[in-house]
Each structure stands twice: as structure tokens, then as C-alpha cells.
Amino acid sequence: MIRTALDMRVREGCTDAFERTWRDAAEVASRYPGSIGQTMLRGAEDPLRYTITADWETAEHLGRYQRSEDRQALSAALDQLRDSATKTLFEVVAHIASPAPSETSPTEKGTAPR
């Protein structure tokens, strides 16, 4: 799995438009073969800072999306709403999912599992 991370600073007064535009872009990207999902994170201490992650099955799938006309148009729309952006490409080496919490989870009772 390939994960892209795009760290950016959104222009003041543009956060609502940025979030709406990104949601539209993510919806389009999700329909491309190999797309696993996208996530938008907003800085808890700096609400103008965002990190967007996107997971793809392979680098080839990501490349096809990046070369698409859809991606070019969506990127142009987002570019107008941000001051800066830095992209990093990662290969996911390991991912350990937590089990779904249950109604009788030990942490809900105030005790940690042993």
C-alpha cells in the first residue's frame, strides 16, 4: 500500500471552502481503481494547518490518478485556497488495527487489559 501525505496551510478565511472542495475532490478520487481512502486532518492547535492522507493499492494506481484530468482540475481548485503545501510519499510497511471496542471493554470500566 502507498500513502501520500500532503501538509498544507490554508489561507485565512478559506477553511470552509477548502474543506468543501477537498470533500468533492476526495469523492472523485475514491472512484479511481486502486483508491483505498482519503483522510483530512485539521490542526488542533493551528486550525489553518491541514494534513491530507490518501491510500492507494500500488504506486501505479496512484500514478494513473495523478496523471488524470480530474486530479489536475481538483488540484487547481485547492491551490487557490492554500498558502503552501508539501507532499510526501510513503510505502506502508505495517499497520496494526485495534479491535472494535465492545460494551464491556476493560478501558471503559477503568482498568487496562493485562
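How each quantity is defined
- Residues numbered from 1 in each chain as written.
- Predicted model: local features only at pLDDT ≥ 70, side-chain atom pairs only at ≥ 80, totals over all residues.
- Heavy atoms only, no water.
- Pairing = 2+ DSSP bridges.
- Helix = DSSP H or I, 4+ residues; strand = E, 2+ residues; numbered from the N terminus.
- Axes fitted to C-alpha atoms, helices over the stretch in contact; angles between N-to-C directions.
- Contact = heavy atoms within 4.5 Å.
- Buried < 20%, exposed > 50% of the residue type's maximum accessible area, 1.4 Å probe, protein only.
- Parallel < 35°, antiparallel > 145°, perpendicular 65-115°, else oblique.
- Nonpolar A, V, L, I, M, F, W, Y, C, P; charged D, E, K, R; others polar.
- Phe/Tyr/Trp six-rings, centres within 6.5 Å; stacked < 30°, edge-to-face > 60°.

Participant: In this structure, what is going on with the sheet that holds strand β1 (residues 2–10)? I would like to understand it.
Facilitator: Pairing within the open sheet is antiparallel, and its 4 strands lie in the order β2-β3-β1-β4. Two strands in the sheet have a free side with no partner beyond their single neighbour: β2 (35–42) and β4 (82–91). With strand direction ignored, the average angle separating the axes of adjacent strands in the sheet is 15 degrees. In the sheet, β1 pairs with strand β3 (residues 49–56) via 8 bridges, with the strands oriented antiparallel. Opposite Leu6, over in β3, you have Ile52 as the bridge partner. Strands β1, β2 and β3 of the sheet are contacted by helix α1 (residues 15–29), whose axis makes an angle of about 170 degrees with β2.

Participant: Help me understand helix α2 (residues 59–66), please; the structure alone is not making it clear to me.
Facilitator: An α-helical turn contains 3.6 residues, so a residue and the one three or four places further along point in the same direction. Listed as buried for α2 are His61, Leu62, Gly63 and Tyr65. Against β1, α1, β3, α3 (69–79) and β4 lie the buried residues of α2.

Participant: Looking at this model, I keep getting lost on the pairing of β3. Mind explaining?
Facilitator: For β3, the tally of buried residues reaches 7 of 8 residues, placing the bulk of the element in the interior. Examined bridge by bridge, β2 and β3 share 7 bridges and lie antiparallel to one another. When the bridges of β3 are listed, Leu41 appears paired with Thr51. The turn linking β2 back onto β3 is made up of 6 residues.

Participant: How should I be thinking about the packing of α1 against α3 in this particular structure?
Facilitator: When two helices pack together, their arrangement is given by the angle between their axes and by how far apart the axes lie. Running from N to C, α1 and α3 point in directions that differ by 170 degrees, and their axes come no closer than 10 Å. By the angle between their axes, α1 is roughly antiparallel relative to α3. Between α1 and α3, the contacting residues are Phe18, Thr21, Trp22, Ala25 and Val28 on the first element and Asp70, Leu74, Ala77 and Leu78 on the second. Of the residues assigned to the contact of α1 with α3, the class counts are 7 nonpolar, 1 polar and 1 charged.

Participant: I would appreciate a short explanation of the packing of aromatic side chains in the present structure.
Facilitator: Aromatic ring pairs: the centre-centre distance and the angle between the two ring planes describe each pair. Tallying each qualifying case throughout the model produces 3 aromatic pairs. When the ring of Phe18 is compared with that of Tyr50, the centres are 5.0 Å apart and the planes differ by 55 degrees; the resulting orientation is tilted. Taken together, the positions of Phe18 in helix α1 and Tyr50 in strand β3 put the pair 32 residues apart, joining distant regions of the chain. Between Tyr32 and Tyr65, the aromatic rings sit 5.1 Å apart at their centres with planes inclined by 70 degrees, giving edge-to-face as the arrangement. Separated by 33 residues along the polypeptide, Tyr32 in the loop between α1 and β2 and Tyr65 in helix α2 bring together distant segments of the chain. Aromatic rings pair up to connect Tyr32, Trp56 and Tyr65 into one cluster.

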